[in-house]
Amino acid sequence: MIICLSLVLSFISVYALGSSLRLYSSDALNSNVLSIPVFILLYLLFRYTFKRWKQYKTGGKIFAFPASLFLSFSLIYGKTLSLNDWVILYPRDYLKMALSVPYLYCILLYLVHFELPKSFSHIRITFFSKKYSRAILFLSLLAVWGVALLAHFPGHWGYDAFIQYNQFVSGKITSHHPILHTYLLCGLLTAGNRLFGSYEAGLLLYTVLQMAVLAYACSKAVLFVERYSQLFSLILWILFLFLPFHAIMAISATKDVLFAAFFLLLALKLFEMSENDDAWSRKNIADLILLLFLSCAFRNNGIYVIIVAAPCILWVNRRQWKKATVTFAAFFLLWTAYSGPVYRLLHIEKGSVREMLSIPIQQLSSVYMSWDGDITAEEKYEIYQCLPNVTYYKSRVADDVKDQFEDACYEAHKEELLKLYLDLGRRNIGYYINAWANTTIGFWYPNTPYPDALVWHPYMEWNLKKQLVPKGESRKVSPWALIWHNENYYLIAYDSKAGMIKHYRVDRMTGIDCIEKTREGKDAFKEVDVAK
């Protein structure tokens, strides 16, 4: 009976696995000779699961089921969205999701209960259980990431860093970027220049500090996971070490890295305190308040995450509800003082609200640009007043549209825009769902491709030889105006190929030439309000 059931499950799982691969043809695996070894491996997996079923813990069995459901949905839905930019789920798609659950469930069940053989127990002792385990993990991460630092010495001048430095030098700092990160980054740059006569030395100071904070957080995560699964902790350590993304981000001067480190430490601290009532000591409470603050101070929208998560955290820690309530009350008081009196004392200007409206902006833009959406000309006009770049809509990134977001229009018509947003969402729910899924695909679809053709890329990019080279084909446009917006110069030009006026950031251009041809797009430019 078990053999027959394993054979049947293996057969349908081969089909389901082929359907979840990021290929245009769902039969690519089924019609390939690789389907034979895949079938054999799946058969062995199912046989092993049936054999060990009674030995598996109930908690692992329960956890693996919703996790496999989520993975099956994300693989099928994400694949279709990634290839087509739009998803309409048919009955066969739900069938593929259902057929994917068995093999995903068995894989998760195996991973959750995996233990290294006794003959390899020294691996755990050497790296994860001895007195110096944290130091070994920490130094190994610094050593591997240090290779990337030497290759890109003294670190990457990350995105937004130059804007933050311009604000720091001018004295006109806005809350658009986390001010704590702005002062930290620019303060170290200034210190490096004063102490060593080099801004590069200041960047090196920042890079080393950031690498140390990130390595500390990652080493703590590996040790935490090791308590539940040796395999997962080993895999996590290897990924932290050798996945290029981690090394690149560790040496990039951007707020997102420190935010990720502090948020990871916050999650680990919350897990620790939720598991053990005795962990609610004064020291741990102080640590928790500090991590809550740092998670918000290095990412402006972190406060919204905390607000949404707070009720769930309080419920999980209901046995210590008094201490938990006091902890969050103290944090919110600290944050209110920081974002209020401290901001005013430092003369921090309020940043644009557009950064917290990326999803609504994408949803409205998708309906605006749709060929069959339920939207009137008057509603399009209302959207255009606040989003003059709405025609630049790209499904995977909001920057092209929100860069020209009109704050004054939004503040003056906030209630009307909210009603418009809700009304359009009710009539165009499919567009709203797809816009949200496209914008967030990197967070929930494990097979997200990069570089993605549907995501914005600069006109120029740095290659491995540290040379600035063109990204894609060159552009021929008819220039009409130069404007200053959000601390960047933009060229307003007419793109004859697209038949429309476009905006180009000047700092992303190179190799600019003048050609002796008649300028085009005069009538189109007349309709552009440069003042806006």
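Basis of the calculations
Residues numbered from 1 in each chain as written. Predicted model: local features only at pLDDT ≥ 70, side-chain atom pairs only at ≥ 80, totals over all residues. Heavy atoms only, no water. Helix = DSSP H or I, 4+ residues; strand = E, 2+ residues; numbered from the N terminus. Contact = heavy atoms within 4.5 Å. Areas by Shrake-Rupley, 256 points an atom, 1.4 Å probe, with all protein chains shown as cover. Core = buried A, V, L, I, M, F, W, Y, C linked by side-chain atoms within 4.5 Å. Buried < 20%, exposed > 50% of the residue type's maximum accessible area, 1.4 Å probe, protein only. Expected span 1.5 Å × (residues − 1). Bend = angle between axes of the 7 residues up to and from the residue. Polar contact = N/O pair within 3.5 Å; in protein donor to acceptor, adjacent residues only side chain to side chain. Phe/Tyr/Trp six-rings, centres within 6.5 Å; stacked < 30°, edge-to-face > 60°. Lys NZ or Arg CZ within 6 Å of the ring centre and 35° of its normal. Salt bridge = Lys/Arg side-chain N within 4 Å of Asp/Glu carboxyl O. Pairing = 2+ DSSP bridges. Patch = residues over 30% accessible without salt bridge, like charges linked within 9 Å, V, L, I, M, F, W, Y side chains within 5 Å. Lys, Arg positive; Asp, Glu negative; His and termini not counted. Charge placed at Lys NZ, Arg CZ, Asp CG, Glu CD. pLDDT = per-residue confidence, 0-100.

K.L.:
Help me out: how do you make sense of the overall build of the protein chain in this one?
P.N.:
Assigned secondary structure in the protein chain consists of 23 helices and 5 strands. Considering only residue pairs separated by 6 or more positions, the protein chain has 69% of its internal contacts joining residues 24 or more positions apart. Accessible area of the protein chain: about 30,100 Å², with a carbon and sulfur share of 66%.

K.L.:
In this structure, what is going on with the nonpolar core? I would like to understand it.
P.N.:
One broad rule of soluble globular proteins: the nonpolar side chains tend to lie buried together. Core analysis: the biggest nonpolar cluster contains 65 residues, and W145, F262, F331 and W335 have the highest contact counts within it. Looking at which element gives the most residues to this core, the answer is helix α9 (residues 199–226), with 12 residues. When near neighbours in sequence (up to four residues on either side) are disregarded, W145 contacts M211, L214, A215, C218, F240, L241, H246, A247, A250 and I251. Core analysis: the second largest hydrophobic core is formed by 20 residues, V401, C409, Y410 and L424 among them.

K.L.:
Where do I start with helix α14 (residues 302–316) in this structure?
P.N.:
For the α-helix, the turn length of 3.6 residues means that residues three or four positions removed from each other point alike. Here α14 is 15 residues long and its end C-alpha atoms lie 20 Å apart, about the 21 Å a rise of 1.5 Å per residue gives. If you look at α14, its biggest bend is around 40°, right at A309, and the proline P311 turns up within four residues after that. On its buried face, α14 sits against α12 (255–275), α13 (282–297) and α15 (321–345).

K.L.:
Whenever I open this one, the environment of W86 confuses me. Can you help?
P.N.:
Among the secondary structure elements, W86 is positioned in the loop between α3 (58–84) and α4 (91–112). Considered as a pair, W86 and N438 are 352 residues apart in the sequence and their alpha carbons are 8.4 Å apart.

K.L.:
In this structure, what is going on with unusual backbone geometry? I would like to understand it.
P.N.:
Peptide bonds are trans in most cases, and residues, glycine excluded, mostly fall at negative phi. Cis rather than trans, the peptide bond between F153 and P154 has omega equal to 5°. Inspection of the secondary structure puts P154 in the loop between α6 (133–151) and α7 (161–170). Look at H347: it is not a glycine, yet its phi comes out positive at around 60°.

K.L.:
Quick question: what am I supposed to make of helix α10 (residues 230–242) here?
P.N.:
In this model α10 runs 18 Å from its N-terminal to its C-terminal C-alpha over 13 residues, within 8% of the 18 Å that 1.5 Å per residue would give. If you check which residues of α10 are buried, you get Q230, L231, S233, L234, W237, F240 and L241.

K.L.:
I'm lost on the side chain of N434 in this one. Help?
P.N.:
Along the chain, N434 turns up in helix α21 (residues 429–439). A polar side-chain atom of N434 sits 3.0 Å from the main-chain carbonyl oxygen of G430. Ignoring sequence-local partners within four residues, the contact set of N434 consists of Y77, L81, W86 and V87.

K.L.:
I tried to follow the packing of aromatic side chains on my own but got confused; where do I start?
P.N.:
For any two aromatic rings, the description comes down to two numbers: the centre-to-centre distance and the angle of the planes. Enumeration according to the criterion identifies 19 aromatic pairs in this entry. Look at W444 and Y445: their rings are 6.3 Å apart centre to centre, the planes differ by 50°, and that puts the pair in the tilted class. Grouped by ring-pair contacts, the aromatic residues F73, Y77, W444 and Y445 constitute a single cluster. Against the face of W315 rests R318, its NZ or CZ located 4.1 Å from the ring centre.

K.L.:
Just checking my understanding: could you explain the pattern of salt bridges for this structure?
P.N.:
When their charged atoms lie close together, side chains carrying opposite charge are able to pair. The full count for this structure, using the stated rule, is 11 salt bridges. In this structure, E411 and K414 form a salt bridge, with 3.3 Å as the shortest nitrogen-oxygen distance. By relative accessible area, K414 is classed as partly exposed at 39%. Here R427 ties to D423 by a salt bridge, and the two come within 2.7 Å at their closest N and O atoms. Taken together, the residues R427 and D423, both in helix α20 (residues 414–427) and 4 residues apart, mark about one turn of the helix.

K.L.:
For this particular structure, what's the right way to read the pairing of strand β4 (residues 488–495)?
P.N.:
Every regular strand shows the same layout, with side chains that alternate between the two sheet faces. β4 sits mainly inside the fold: 7 of its 8 residues count as buried. Bridge count between β4 and strand β5 (residues 500–505): 6 bridges; the pairing is antiparallel. What sits directly across from I492, in β5, is H503.

K.L.:
What exactly am I supposed to notice about a negative patch on the surface here?
P.N.:
A surface patch of like charges, here negative, comprises E378, E382, E415 and E416. Contributing elements (two or more residues each) for the negative patch: α17 (377–386) and α20. With respect to the helices and strands, the residue E415 is situated in helix α20. A relative accessible area of 62% means that E415 is categorised as exposed.

K.L.:
Looking at this model, I keep getting lost on a nonpolar patch on the surface. Mind explaining?
P.N.:
On the surface, V33, L34, I36, I40, L41 and L44 cluster together into a nonpolar patch covering about 610 Å² of accessible area. Summarising the element assignment, I40 is placed in helix α2 (residues 35–52).

K.L.:
Looking at this structure, I do not really get the confidence of the model for the protein chain. What am I missing?
P.N.:
Close reading of the predicted structure is inappropriate where its pLDDT is low. Across the protein chain, the average pLDDT comes to 83, with 88% of residues at 70 or higher. Confidence over residues 119–123 falls short of pLDDT 50; this stretch has 2 contacts with residues more than four positions distant or in other chains.

K.L.:
Looking at this structure, how should I read the environment of V213?
P.N.:
Mapped onto the elements of the fold, V213 is located in helix α9. Linking V213 and V257, residues 44 residues apart in sequence, is a C-alpha distance of 9.2 Å. If we skip the residues at most four places from it in the chain, V213 touches L258, A261 and F262.

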